[in-house]
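Observations on the model geometry
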Protein chains: 2
Amino acid sequence: MEDSKLVRVAVDAMGGDYAPSEIVKGAVNALLHNAQLDVTLAGDEKQMEELLKNMDYPTQRLHLLPTTQVIEMAEPPVAAIMRKKDSSIVQGMKLVRKGECDAFVTAGSTGATLVGGQTIVGRLKGIERAPLAPLLPTAKGPVLLIDCGANVDARASQLVQFAQMGSIYMENIVGVKNPRVTLFNIGAEEEKGNALVKETYPLLKELDINFTGNIEARDIPAGGADVVVCDAFTGNAILKMYEGVASVLLSEIKGAMLSSAVSKLGALLVKPSLKKTLRKFSVSSYGGAPLLGLTGLVVKTHGNAKAIEVENSIAQCIAFTNAKVNEQFRDKMHLVDHTKPVETRQNG
Amino acid sequence: MEDSKLVRVAVDAMGGDYAPSEIVKGAVNALLHNAQLDVTLAGDEKQMEELLKNMDYPTQRLHLLPTTQVIEMAEPPVAAIMRKKDSSIVQGMKLVRKGECDAFVTAGSTGATLVGGQTIVGRLKGIERAPLAPLLPTAKGPVLLIDCGANVDARASQLVQFAQMGSIYMENIVGVKNPRVTLFNIGAEEEKGNALVKETYPLLKELDINFTGNIEARDIPAGGADVVVCDAFTGNAILKMYEGVASVLLSEIKGAMLSSAVSKLGALLVKPSLKKTLRKFSVSSYGGAPLLGLTGLVVKTHGNAKAIEVENSIAQCIAFTNAKVNEQFRDKMHLVDHTKPVETRQNG
């Protein structure tokens, strides 16, 4: 925190299936690979110290924030955030709220992350709702699905902001020039859809983004868009159908390949090429899902994240802070900002 | 039509990629395999006669209804139904409305089928909306997804009827005893979801069906339900994600298998087992999607349907009529029916 050029990331050491060991390992690797990074690990002090004592890392850029509570995956999120004041999620997010960190990474409860993001970190002035925006693999590179979070009964004005934030994020963090922003719908024609998308479509046409119209579900895995805008109910359906169909199909294919001696031999021969292809379609290959529109970045990575995903998520935070994405949100989205904004503390 | 035991099905000979040849062939095969069936083919007289002149079929049970117009896939449905009065879809549906046929099968425009079903065939008294309900393959047999049709801004009372109709359909037509009826949601807990599903959940609990609670998208392909109830916007997302993910994944896997000489050899060896598995997951394996709650049955089969799908769709109509599904709807759903119902003309 001494150096004003450092990007300061708080990390929830206690969240996820492989916490704290894989989380700590991921944080240390991130520090070793990024001289510009400063990490604060929030979690059980003894466990963290035990893990760190045999590791080599830049001690002056790694801080421990001892916490005594852990929010479990199955806990009702609102109650958990309110009651577990000394949990790693609440304490980690508080660092972002206070401006002591630029971003927060967790592999813990999605619900608690969504609630804490809105109530502890807080939204940028002028942002109506903070969307959760995972990257999904497609045949032609990743697509940002915005929103998959808590906004299940979204309004058109919120979807408009999702489209703007998604466009800026994809351009700056994923490096897609002039990203194709689409509205999720049940047909390509403008007059199709439910009341929400019918109201949203003309508003998106007026924005200063590359809005390419409606997209049908079928065209998402094929790579028909860089950004897909939708309410969180629909986004959740899209995201989880993706995971569900891929998982069932691959397990059936695996079963078929192992069903006879001949096919087992064949499976051995196709395995190397197949592995390469399937890695491309792994939903977990893109670090974590950003919760956007907050006064700092919150990244939710998978519950089964290992060190590499944690490191990728921290790298996302560095890119986000360096690219001053929040300042771009404020400037390009013409967000109304009456008070002295908290969101300008990036790099500083 | 002479025999009161005949099930009378009108078939759109002009709809679909392989019309009229595959449609006519499918209808003839259905007649050959079902002595109880009577078919009226609606379409271009010359083309139908040309196809039939070299075929063997029971002439007294096959009738031609000459029509001069065809509704194309891309036409705006409402305008098409209103203007093309002599189209095969409009004329075929009129036979059902007039009680001269029990059911109508088409591989043509889904939009025109939905509009025509509501406006020409008409709903059963007491049915609020007619849902389109395709069967999807899962790891454990088919699941009925109801609704994927035109009801994109559905109300809770409509979803309640969808649940009841879906349960009766699965039990009678697919033969699933006491089908597990679920509500599509973004989580398993009762308090989750958008306003619509929160309102619907307690209503489904009170029904005399086997309501097993919410289902998440991820659990659909795994076979977690026999019936999934949702609005048509969500249903469309689920259906088309299914098709889209499966299609992209399989084409990538195929590409990987053909990418080297070694993997090509492997592909030859795994092919037989793989083919069997993938056939199970073909979305088109279950004939057509019924449009339920009408005064007769309308079945929409795939645009790329060949003779076998057409025959399967006609068989669906026979099962539906014989099981008196519409009468069960009326009795078990306690539909209010003031006038002399048109829906009781099954088998008669």
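What counts and what doesn't
Once a new chain begins, its residue numbering starts again from 1 and follows that chain's sequence as written. Written order determines the labels here, with chains lettered from A and ligands numbered from 1. Whole-chain, interface and lining totals are the exception, using all residues; otherwise, since this is a predicted model, local features are given only for residues with pLDDT of at least 70 and side-chain atom pairs are given and counted only at 80 or more. With hydrogens and water set aside, each side-chain value is computed from the structure's full complement of heavy atoms. Where helices and strands are cited, they refer to DSSP runs of H or I of at least four residues and of E of at least two residues respectively, numbered from the N terminus. Residue burial is assigned from relative accessible area. The probe radius is 1.4 Å, only protein chains are included, and a residue is buried under 20% of its type maximum, exposed over 50%, and partly exposed in between. We call two residues in contact whenever any of their non-hydrogen atoms come within 4.5 Å of each other. Here the accessible surface of atoms and residues is derived via Shrake-Rupley with a 1.4 Å probe, and residues count as covered only by protein chains that are part of the display. His is not counted here, nor are the chain ends, while Lys and Arg score as positive and Asp and Glu score as negative. Where a charge lies is defined by one atom per residue type: Lys uses NZ, Arg uses CZ, Asp uses CG and Glu uses CD. At least two bridges found by DSSP between two strands is the condition for calling them paired. To obtain an axis, a line is fitted to C-alpha atoms, over the contacting stretch when the element is a helix, and the angle between two such axes runs from 0 to 180 degrees between their N-to-C directions. Salt bridges are defined as contacts in which a side-chain nitrogen from Lys or Arg sits within 4 Å of a carboxyl oxygen from Asp or Glu. By the criterion applied in these results, polar contacts are pairs of N or O atoms within 3.5 Å in which, for protein atoms, one can donate a hydrogen and the other can accept it, and in which residues neighboring in sequence qualify only through two side-chain atoms. Under the scheme applied, nonpolar residues are Ala, Val, Leu, Ile, Met, Phe, Trp, Tyr, Cys and Pro; charged residues are Asp, Glu, Lys and Arg; polar residues are all the others, including Gly.

In this section: the overall build of chain A. A count of helices and strands for chain A gives 11 helices and 11 strands. Considered along the principal axes of its C-alpha atoms, chain A spans approximately 65 × 55 × 35 Å. Across the 348 residues that make up chain A, the buried fraction comes to 58%. Counting only contacts in chain A whose residues sit at least 6 apart along the sequence, the fraction spanning at least 24 positions is 71%. In the structure as shown, chain A presents an accessible area of about 13,900 Å², 52% of it carried by carbon and sulfur atoms. Side-chain charges in chain A split into 38 positive and 38 negative, and the spacing between the mean points of these groups amounts to 3 Å.

Residues and elements named next belong to chain B. The strand order S3-S2-S1-S4-S11-S10 describes an open sheet built from 6 strands, whose pairing is mixed. Since the sheet does not close on itself, it has two edges, and those belong to strand S3 (62-66) and strand S10 (288-291), each with one partner. Adjacent strand axes in the sheet meet at a mean angle of 25°, parallel and antiparallel pairs treated alike. Two elements, strand S1 (residues 7-12) and strand S4 (residues 103-106), share 3 bridges in a ladder whose sense is parallel. If you follow Ala10 over to S4, its bridge partner there is Phe104. On the sheet, helix H1 (residues 21-33) packs against S1, strand S2 (37-43) and S3 and is oriented at approximately 165° with respect to S2. Helix H2 (residues 45-52) rests against S2 and S3 of the sheet, and its axis sits at about 155° to S3.

The interface is formed by 50 residues belonging to chain A together with 50 residues belonging to chain B. Our count for the chain A to chain B interface comes out at 4 salt bridges. Taking the shortest distance from any N to any O, the salt bridge between Glu216 of chain B and Lys240 of chain A comes out at 2.4 Å. Seen at the junction of chain A and chain B, the total is 6 residue pairs in polar contact (both at pLDDT 80 or more). Listed by contribution, the elements that provide at least two residues to the side of chain A that touches chain B are helix H7 (195-205), helix H8 (232-257) and helix H9 (261-280) of chain A. At 19 residues, H8 of chain A tops the list of elements feeding residues into the side of chain A that touches chain B. Counted by class, the side of chain A that touches chain B contains 31 nonpolar, 12 polar and 7 charged residues.

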